[in-house]
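What follows is each chain in one-letter form.
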Amino acid sequence: MHNDDKIGLDDAYSLKTPEDNIALYRDWAKTYDSEFAQARGYQYPQRIAEIYKYHAKSHDSPVLDVGSGTGLVASALQENNNVDSPVVIDGVDISPEMLAVSREKDLYRQLFEVDLT
């Protein structure tokens, strides 16, 4: 980690194994939304939601959020939904701590701890 003990992109880009991922996101889970997404103006979740909104039809559900993390994509999908009912989303992530954060947001039908490697 950096000198200020905050986890950053260099830490994420240096990951080599599934165990490295689990360790990093265990430590990052509680502050990921504020210290990374908000602080850096992370746009990926909103862009995914815009693409989904443009292309999705009412029958394009459920959605599988791979690498669901803290639920940022699911939140953006629900906020930018263009059909009358909520988007049904299932999530998978390697980090139980990230899944715990997303579970608190109540955005997913189901969440699964999965190592996709």
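See above for the structure.
Residues numbered from 1 in each chain as written. Predicted model: local features only at pLDDT ≥ 70, side-chain atom pairs only at ≥ 80, totals over all residues. Heavy atoms only, no water.

Right, let's talk about the environment of S95 for a bit. The residue S95 is located in the loop between β2 (89-93) and α6 (96-105) in this model. Exposure remark for S95: the relative accessible area of 0% places this residue in the buried category. Residues S95 and F112, spaced 17 residues apart in sequence, show a C-alpha to C-alpha distance of 9.6 Å. With sequence-adjacent residues up to four places away left out, S95 is seen in contact with Y25 and R26. (Helix = DSSP H or I, 4+ residues; strand = E, 2+ residues; numbered from the N terminus. Buried < 20%, exposed > 50% of the residue type's maximum accessible area, 1.4 Å probe, protein only. Contact = heavy atoms within 4.5 Å.)

What follows concerns the pairing of β2. Among the five residues of β2, five are classified as buried, and the element is accordingly described as predominantly covered. Alternating positions in β2 separate into two faces, I89, G91 and D93 on one and D90 and V92 on the other, with burial throughout. Sheet topology places strand β1 (residues 63-66) next to β2; four bridges connect them, and they run parallel. Considered in β2, the bridge of V66 is made with V92. Of the strand pairs in this sheet, β2 and strand β3 (residues 110-113) are connected by four bridges, and their pairing is parallel. The residue of β3 that forms the bridge with G91 is L111. What joins β2 to β3 is α6, and the crossover it makes is right-handed. (Pairing = 2+ DSSP bridges. Right-handed = clockwise from strand over helix to strand, strands pointing away.)

Counted according to the given criterion, the structure contains seven aromatic pairs. Taking the centre distance of 5.7 Å and the plane angle of 15° together, the rings of Y25 and W28 count as stacked. Residue Y25 and its partner W28 are located together in helix α2 (residues 18-28), separated by three residues, close to a single helical turn. With respect to burial, Y25 and W28 carry one shared label: buried. (Phe/Tyr/Trp six-rings, centres within 6.5 Å; stacked < 30°, edge-to-face > 60°.)

No statement about biological role is implied by the geometric values presented.
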